[in-house]
Amino acid sequence: QVQLVESGGGLVQAGGSLRLSCAASGRSFSRSAMGWFRQAPGKEREFVACISWSSGRTPYADSVKGRFTISRDNAKNTVYLQMNSLKPEDTAVYYCAASRTGYSGSYYSEYDYWGQGTQVTVSS
């Protein structure tokens, strides 16, 4: 059974940093694109960043570009999201997603597996 488990969320002050992790199990995702999405209260789930299987492509949402960094460790079947200079508007539940293909983009429908999410709250 495939599972994606996010961790690393929490409460942080504006300007602070958090590092999210997403550990995958049940199959290898070393040849799969993986991504991060987020959903704030009352809003739709939105794309944050994704990474191709080889880490050669890492597109970001404009709202996080220059502040967030996505990376992966295929040996550990894990993807990370380093979040710096956090803002109150970054407050959301952050979801990890994995695709069956090596390259995916910013559309929700491109991903086949989803984690349960981890809460990130940024106070002003």
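Residues numbered from 1 in each chain as written. Predicted model: local features only at pLDDT ≥ 70, side-chain atom pairs only at ≥ 80, totals over all residues. Heavy atoms only, no water.

Caption draft 1: Layout of the nonpolar core. Counting 34 residues, the largest nonpolar core has Leu4, Met34, Trp36, Leu81, Met83 and Tyr94 as its most contacted members. Looking at this core, the elements with two or more residues in it are strand S3 (18-25), strand S4 (34-39), strand S5 (46-51), strand S6 (68-73), strand S7 (78-83), strand S8 (92-98) and strand S10 (118-123). When residues no more than four places from it in sequence are discounted, the contact partners of Leu81 are Leu18, Arg19, Leu20, Trp36, Val48, Ala49, Phe68, Thr69, Ile70 and Tyr94. (Core = buried A, V, L, I, M, F, W, Y, C linked by side-chain atoms within 4.5 Å. Buried < 20%, exposed > 50% of the residue type's maximum accessible area, 1.4 Å probe, protein only. Helix = DSSP H or I, 4+ residues; strand = E, 2+ residues; numbered from the N terminus. Contact = heavy atoms within 4.5 Å.)

Caption draft 2: Geometry of the state of the cysteines. In this structure the tally under the stated criterion is one disulfide. With a sulfur-sulfur separation of 2.1 Å, Cys22 is cross-linked through a disulfide to Cys96. Handedness of the Cys22-Cys96 disulfide follows from its S-S torsion of about -75°: it is left-handed. Residue Cys22 is found in strand S3, and its partner Cys96 is found in strand S8; the two are separated by 74 residues along the sequence. Here Cys50 is not disulfide-linked; the sulfur of Cys96 is the nearest cysteine sulfur, at 12 Å. (Disulfide = S-S within 2.5 Å.)

Caption draft 3: Structural detail: the environment of Glu110. Checked against the element boundaries, Glu110 lands in the loop between S8 and strand S9 (113-114). Taking the C-alpha atoms as reference points, Glu110 and Ala97, 13 residues apart in sequence, are found 9.3 Å from one another. Contacts of Glu110, omitting those with residues within four sequence positions, involve Ser99, Ser104 and Gly105. A distance of 3.3 Å separates a polar atom in the side chain of Glu110 from the backbone nitrogen of Ser106. (Polar contact = N/O pair within 3.5 Å; in protein donor to acceptor, adjacent residues only side chain to side chain.)

Caption draft 4: Local environment of the pairing of strand S1 (residues 3-7). Burial along S1 is one-sided: Leu4 and Glu6 are buried, while Gln3, Val5 and Ser7, pointing the other way, are not. Summarising the sheet, S1 and S3 pair through five bridges and their orientation is antiparallel. Residue pairing across strands places Leu4 opposite Ala24, the latter belonging to S3. (Pairing = 2+ DSSP bridges.)

Caption draft 5: Summary view of the packing of aromatic side chains. Under the counting rule described, the total for this entry stands at six aromatic pairs. A ring pair is formed by Phe37 and Phe47, whose centres lie 5.7 Å apart and whose planes are at 75°; its orientation type is edge-to-face. In this pair, Phe37 sits in strand S4 while Phe47 sits in strand S5, placing the two residues ten residues apart along the sequence. For the pair formed by Phe37 and Phe47, the shared burial category is buried. For the pair Tyr108 and Trp114, a centre-to-centre distance of 4.6 Å together with 25° between the ring planes defines the contact as stacked. Aromatic rings pair up to connect Phe37, Phe47, Tyr108, Tyr111 and Trp114 into one cluster. (Phe/Tyr/Trp six-rings, centres within 6.5 Å; stacked < 30°, edge-to-face > 60°.)

Read these as geometric descriptors, not functional statements.
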